[in-house]
Every structure is written in C-alpha cells, then in structure tokens.
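Now for the letters of each chain:
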Amino acid sequence: MTMSSSRADAEPDPTSPARNGDPVWPWSDPLTPIDERVASLLAVMTLEEKLAQLGSVWPGVDSVIGDVAPMQGVLAQDVDFEAATAEGIGHLTRPFGTKPVEPTEGAEQLAARQRDLTRRTRLGIPALAHEECLTGFTTYRASVFPASIAWAATFDPPLVERMALAIGSGMRRLGVHQGLSPVLDVVRDYRWGRVEETLGEDPYLVGHMGAAYVRGLESAGIIATLKHFAGYSASRAARNHAPVSMGRREFADIILPPFETAIREGGARSVMNSYSDVDGVPAAADYALLTGVLRDEWGFTGTVVSDYWSLAFLHTMHRVAGSFGEAGAIGLSAGLDVELPNTMCYGQPLADLVREGVVPMELVDRSVGRVLRQKAELGLLDAGWSPDPDTLAEDSGADGVDLDPPAHRDIARLLAERSVILLDNPGNALPLASGQSVALVGPCANDANAFFGCYSFPNHVLPHHPDLPTGIEAPSLLEALLVELPENDVLHSIGCPVKTPDRSGIPAAVAAARDADVCVAVVGDRAALFGLGTSGEGCDAEDLSLPGVQDELVEALLETGTPVVLVVVSGRPYALGAYAGRVAATVQAFFPGEEGGPALAGVLSGRVNPSGKLPVQIPRTRGGQPGTYLAPPLGGNSEGISNLDPTPAFPFGHGLSYTEFAYSDLRVSAQSVATDGEIEVSFTITNTGSRAGTEIAQLYYGDPVAQVARPVSQLAGFLRVPLEAAAQARVVFRLHADRTAFTGIDNRRIVEPGEITLSAGPSSTFLPLTYSVRLTGPVRHVGGDRVLLTPARIEAVPAS
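Each value, and the rule that gives it
Residues numbered from 1 in each chain as written. Predicted model: local features only at pLDDT ≥ 70, side-chain atom pairs only at ≥ 80, totals over all residues. Heavy atoms only, no water. Pairing = 2+ DSSP bridges. Helix = DSSP H or I, 4+ residues; strand = E, 2+ residues; numbered from the N terminus. Axes fitted to C-alpha atoms, helices over the stretch in contact; angles between N-to-C directions. Contact = heavy atoms within 4.5 Å. Polar contact = N/O pair within 3.5 Å; in protein donor to acceptor, adjacent residues only side chain to side chain. Buried < 20%, exposed > 50% of the residue type's maximum accessible area, 1.4 Å probe, protein only. Right-handed = clockwise from strand over helix to strand, strands pointing away. Disulfide = S-S within 2.5 Å. Phe/Tyr/Trp six-rings, centres within 6.5 Å; stacked < 30°, edge-to-face > 60°. Lys NZ or Arg CZ within 6 Å of the ring centre and 35° of its normal. Left-handed = near helix turned anticlockwise from the far one by under 90°. Nonpolar A, V, L, I, M, F, W, Y, C, P; charged D, E, K, R; others polar. Lys, Arg positive; Asp, Glu negative; His and termini not counted. Salt bridge = Lys/Arg side-chain N within 4 Å of Asp/Glu carboxyl O.

Caption draft 1: Local environment of the sheet that holds strand β10 (residues 421-424). Read from one edge to the other, the open sheet built from 6 strands follows the order β10-β15-β14-β13-β11-β12, with strand pairing classed as mixed. Edge positions in the sheet fall to β10 and β12 (489-493), since each of these pairs with one other strand and no more. Neighbour-to-neighbour, the strand axes of this sheet turn through a mean angle of 20°, independent of strand direction.

Below is the structure:
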C-alpha cells in the first residue's frame, strides 16, 4: 500500500520494515496480530474516516434501468464517487450485478475504482465489494444454478457446498469480497413471494443446507452473509415487508436456529437484518436480537450489514426514528455495523450526533473495528495489496473470463436432476414410452427463463435490456425433450401465458392434447421483482391457485381424455389437490436453473431416476391461511372442531422414484438416555425395485407430553442413500438429546425428561418404523454450546 504525501497526518511506525520500497504501517504489516493492526488504525482515524468505513456507495446507480431493490427509485442517490469517498468507504455496492458488463471489463472497472480509492484517500483503505449470489454469481454470463428451494429438495449438503465453492471462486476471481447469501428464512406461508429464495419450512433442513452453502462460499474466500435476520418470512398475509406477529417461543424454535447453525457449523462472517418488525420492533433497531442473541449468546464476531435502505426505513417506513441521523443512532446502538447500499444515516447526520455527545464514540469504534478486522482478514490492509484480481493477471483468452465453465454446469446439472420431485405416478405414465406422440403444452414448456429465480441475472436485470442475449446456454424443456426423445413425435402449444388472463391459446393446446398419446402440461411461475412476475421479491400471491388462467388450461386438457402428466415449474408450492386422481402423473420442479431443461427431460424419459423430496408441502386447497407441517395436534385436521381440513396434497419430505424402497429393522442403542446424552438409531433400507435409485432416509422425533404444545413430528436427521437394484444399506443416525430441545414455559431452552418417539420413513407422514425412548434425569437448560446437527452414515448390512 503506497501512502502518498497527502496522507502525511498518518505517520508510519519507524520501527516497521519497508517492503518493495513502500513504508509498512503498523496496520499494514500482516505479521502483526489483527487486533493490534485494527487498534493502531483506529487510533489515527478521524471521525469522518471512521464513519466512512460504516457506509457504502453504489457507483452508477443512476444508470441502472429498472428496480433491483425495494424503493430504489425513491432512495437511490446519484452521487459523485470522488466526493462520496473522500474519507474512504466501507463497501462498494454491486459493481457487477445491476447492469450488464462483460466479466473482464467489470473486473477492470472495479480494480480502477479500488486503485483510485487507495491512492486518493488519506489512509488508502480499499473497499469491500459485495454482490448477490443466491442462484450463482449475479452477473452477466455467469452460471445460473437452481434456486435455493431446489437445493433444499436435493437434501444434499455436500453438493450444495460444491456449488457455493464454485460460485465463490468466480466472484473472487473478479475482485468481489462478500456475497449476500444464503437466505435462511424458514417458510411460514407459501404465498410469500420469496419462498423461492428459501430452503424450505423445516429449521433443521434450512440450517443444515445453509451451513453447507456458507462453508463453500467462505472456503472460496468470500464472506457469506446470512439473511434476513430475523422473522421476515412470517409476515402477515405473506406480504413483503409486512409486520410479523409471532411469539417468542416460535421465534426462538423455528426462526432463529438456522442462523445459529450457519454461524456455528458454517462459519458465516456476516449477517443482514430483516426489513420487518416483530411485535412492533424493527430488526434494524433490535438490540436484543442483533447484540443479545447474535453476539452475547452465539458469540458471533463478524459484521451486521443493513438490508438495502433498512436503516432509512426506520425513519421513513417504521417511523421509530424522527430523522435519518436518529435512525443511524438507533441502528448503531442495536449492533448494525454497515449501511447498504449507500450512506444516508451513517454519514454526516450521525457525525453530528457523535459530536453532540448523543452517540458515544465507543459505538462507532466498535463497528469500525469489526469492518477493519474483516478487511485485514481478506488482506485488504496488507502492504503491497493490489487491486487487480487474479483474473487481470491471467491470460483469459480472446473470449475473456469464463464464468460458466463445464465444471459449473456439471454441478448445476446434478443439482437440477436431484431436485426434481416425482409427486405421484398412479397411471405409470412416466417414464414416457419411446415412440409415443407427446403434446407438450403450457407457458413454461418452451421458456428457459421459467427455470430461473428472481435473483438470477437473466430475470433480475436482463428484462430491462431486451436486446441482449441471455449470455449462457439454457435449453428449454421443449428443446431438451426433442434431444432426449428423438423417436417421439413432440408437438408444442403454449396454451396460455403465465400471468395474464389470455385464453386464446387454450383451444389449440386442447387440440394438440386430443391428438396425442400423452399430454405433458408444463405450468408454473415466471420469477421477477416487485409485482412484475408471479414469484420473487415483492411478488406475493393472494391464494395458491396457479397464476393467471393456468388452472383453466389444466382442466381443459383433462377433459380431452388424453393422459395428462402435470409438470409444475415454480418458486412456491401451488395447490394441486383438485388434480388428485385425475392426472396420470405429477412432477414438481422448483426453479432448476440453466440445466433444468435437460434434467426435466431426463426425468420424463426415465434416463434420470428422480430422488428429490419436498422441502415444503404441496397444499390441497387454494385458499385460507396455509400451514406448514410443524404443527401441534390442533394445527392438523380437527374433526368436530373445525370444518377446514389443512391436510396437504403432498406432505413435507415426500417424493417418489422409479424404483421402490422398503424400511425395516429399526434399532436403538438404548431404551433410555440422559438429557445430556446421545443414542444411535439405525434401520435398513432395501431397494426392492428393478433399477438403481437413491432414497433420502428421514428420521423424525415427537414429544408426546411437554410443558408447551409441540409439533406432532419434527425432522431429526436425513441422509441420501444410493442403492443398486435389490441392494440394502444400514442407515445410522447419532442423535443427541440436545436435538429435542425447545423453549419452555419460562422462555428458556430446555431438554425435558420424558418419552420421545422416534420414527423413520420416506416422508413426514409415511413413517413405517417407530420406537419410543425415555429421556432421563433433570430438566436441562441448554445454550450456545448445544449440539445442532445429527450425524448420519451408511453401513453395510451384515450377512444373516
């Protein structure tokens, strides 16, 4: 790091050695402990320089076409970069992800900004560059992986970790330091538009899969950011940003555990706050959450960054602050370290309050120290740091940097194939027979963008640039099926659009179905933002009918008498109970990404044996308040109490295969276990069919009698089990008593003695193996050191 004469106020340590002719300041010597480096830098910083490290700037936001963040048109500032960074800056906001830029060009632009920043400012501190990375690096020409809800359907943490490593490696190559993923919101209402961004409705599944993503991203040198902390997904009527009505027990037992798991088991270094208020307290202003839970209980040492403009929203939307400066003071006191995407509250308004003595300097130093620590960990404070990423030092070839290499596509293909869920196949219509004539109809049949989530670059940014190609290869299902089934006559008809009530194409689709041996109806969503699509941020649903007139299309196809295979490509589960027993087969694909077409075609043809399981339930009816499987007895069907039956069409954990699996021989290592002990639970799975397949073994527990109402059953562990035809395997779970912990009557987390039921099977409602054990000893209070995961392994079945 070269210190120009304009930085004369910051004198070097005369005892520090020089490297490459440049002075090495105490904070720039990588051999000095980080705490000492941070302290020495804080000691020479002015108030304005400190606050600059807590702020951000969004270069070129004035040229961004279309909204990519809520209320962007109202709050986005067209700022002069040099003026906005005169004292330095903490973050550069989305240098790649808000308008199309070729990878190498984007890396050069980012490096130029960093070079300017380090040469022009007194202390020469580089900025952290952050980007979205929920379905891959959100930039032009980068791989588009399946949406998070699809990762969850694989029940495959190691594969998700591989994906995140691939995503992070591409980001790091271009000079990005922080990724705003994963989303760890637990689904509470399927109507919420951001269900597609979640990992499902079970906190254990969300936490386990989320921790895997974090490990992958962090291992690539990218700071993973957990969001949205916390309660965002439980908004009233599933409306984006709406208030959350939730008790402390539900919040502690359902909403918080995934974040704790991703921090403790994944090593996440950043957390982003939720927009919502819970019982009237906005997350950005919640000291008990951002400091009490996150830091004091869990020991988190990273940074808390604001969701875009959530600090300003304390003033403009929540109205708990009378000014932007007061909003900044409230957020800083609560424990929110960095304001994104641009500085409104942590700039001069906050500086005035610090000088007036309203805000203690200790709070400023606390957050600045956290930011500087991360910059030191990333090497940004090291003497000799270069703003040029590895990409600019490499020979990238005539076509530049490849952000969608074959290795990425292999991972995308595996994820897509393993995420497809066969819901039912009563007529054995699948796999499709060779030589059959197929009517492929529906709005998602010949549209590859139907496979992408709302934070994928093709759906996030490119709709505002219609003259540009997608930038990646992504065949539609029609294109893939023509390759997959060369012997079949495939006729395509759109039928109707996804969203608009245009019925003009339904007669042609009906005619095509009537003339075919089988009809494959491909319906579902189109992801976008803020009401422009049917799934995604700000695209909330009034009910769970298929969007537009797609239900009418399906009904018309069923009336033809031709067997109908219903394929739903969506970001949320839609109500399919009306089609039970009427369709020949049903397939659910949650946005499967760039390899979604070939993956779906492979499942339909039988080349791919489906193994996905539902991370959310498929509702039976379209109206009412949807409920997830985590419910006490009164949350289920209560004959004689209510006339409304919430039983789903397909339960959590459900998914079929083209082979059959049998469960047998449940064994438990002990009939009782202490409230601080653990047991092994094992059973045998046999592939009783004629072809190889993969089963996802699921272990559940129930608490028949507890001091508060508990879910009837809850996921305790899972494991993917590949088996050849007629093969067997023994699945062994190591279950600690901590995994049964819950928030008791006094709002303390406890392990309570008493009976626990253990059940195993292929879904949350089909559990053929059951055993009861007893927890013994005193009620045990557990905290931040409790066991969070249930390890599982596969063993060979001993010879009889």
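Caption draft 2: Seen up close, the environment of H315. Tracing the backbone shows H315 in helix α12 (residues 310-316). Distance from H315 to G581, taken between C-alpha atoms, is 53 Å for residues 266 residues apart in sequence. Ignoring any residue separated from it by four or fewer positions in sequence, one finds H315 in contact with A321, G322, S323, F324 and A327. A polar side-chain atom of H315 sits 3.0 Å from the main-chain carbonyl oxygen of A321.

Caption draft 3: Representation of the pairing of strand β13 (residues 518-524) in the model. Within β13, 7 of the 7 residues are buried, which leaves it mostly tucked inside the rest of the structure. Side chains V518, V520, V522 and G524 of β13 all project onto a buried face; the interleaved residues C519, A521 and V523 project onto the opposite face, where all are buried too. Direction of pairing for β13 relative to strand β14 (residues 564-570): parallel, over a ladder of 6 bridges. Opposite C519, over in β14, you have V564 as the bridge partner. As a crossover connection, the stretch from β13 through helix α21 (residues 550-558) into β14 is right-handed.

Caption draft 4: Local environment of helix α13 (residues 324-334). For α13, the full list of buried residues reads G325, A327, G328, A329, G331, L332 and A334. Against α11 (287-297), α12, α14 (348-355) and α15 (361-377) lie the buried residues of α13. G335 sits one or two positions beyond α13 and adopts a positive phi of about 120°.

Caption draft 5: A look at the state of the cysteines. All told, the structure shown has 0 disulfides when counted by the stated rule. Between C454, a free cysteine, and C539, which holds the nearest cysteine sulfur, the sulfur-to-sulfur gap is 7.3 Å. Here C496 stays free of any disulfide, with the sulfur of C444 as its closest cysteine sulfur at 9.1 Å.

Caption draft 6: Quick peek at the pairing of strand β21 (residues 728-736). Burial of β21 is extensive: 7 of the 9 residues sit out of reach of the surface. Inspection of the sheet shows strand β18 (residues 678-687) paired to β21 by 9 bridges, in the antiparallel sense. In the sheet register, F683 faces β21, and the bridge partner there is V731. Pairing geometry for β21 and strand β27 (residues 792-795), over 4 bridges, is antiparallel. Each residue of the ladder has a partner; that of R730, found in β27, is E795.

Caption draft 7: How the structure looks around the packing of aromatic side chains. All chains considered together, the criterion is met by 19 aromatic pairs. Every member of this aromatic cluster is reached through a ring pair, and the members are F155, Y204, Y629, F652, Y700 and F718. Its end group placed over the ring of F81, R113 keeps NZ or CZ at 4.7 Å from the ring centre. Positioned above the aromatic ring of Y455, the side-chain terminus of K227 is 5.6 Å from the ring centre.

Caption draft 8: Expanded view of the packing of helix α7 (residues 157-173) against helix α8 (residues 203-219). In the contact formed by α7 and α8, the axes pass within 7 Å of each other and the chain directions differ by 35°. The element α7 and its partner α8 pack so that their crossing is right-handed. Between α7 and α8, the contacting residues are P157, V160, E161, M163, A164, L165, I167, G168 and M171 on the first element and H208, M209, A212, Y213, R215, G216, L217 and S219 on the second. Here the residues of the contact of α7 with α8 sort into 11 nonpolar, 4 polar and 2 charged.

Caption draft 9: Inspection of the side chain of E752 at higher detail. With respect to the helices, strands and loops of the structure, E752 is situated in the loop between β23 (749-751) and β24 (754-761). No salt bridge forms around the buried E752; measuring N to O, its nearest opposite-charge neighbour R710 is 6.9 Å away. Here the side chain of E752 touches Q707 through a polar contact of 3.2 Å, side chain to side chain. Ignoring anything within four residues of it in the chain, the contact list for E752 reads T675, D703, V705, A706, Q707, F742, L775 and V779.

Caption draft 10: Summary view of the environment of R215. Locating R215 in the fold gives a position in helix α8. Here the alpha-carbon distance between R215 and R162, two residues 53 residues apart in the chain, equals 9.2 Å. Every residue in contact with R215, bar those within four places of it in the chain, is listed here: E161, E265 and G266.

Caption draft 11: Geometry of unusual backbone geometry. Put simply, K227 and H228 share a cis peptide bond, and its omega is 5°. Structurally, H228 is set in strand β5 (residues 223-229). One non-glycine residue, D279, adopts positive backbone phi at about 55°. By secondary structure assignment, the location of D279 is in the loop between β7 (277-278) and β8 (281-282). Since its relative accessible area comes to 68%, D279 is described here as exposed. Here N428, not a glycine, exhibits a phi torsion of approximately 50°, which is positive.

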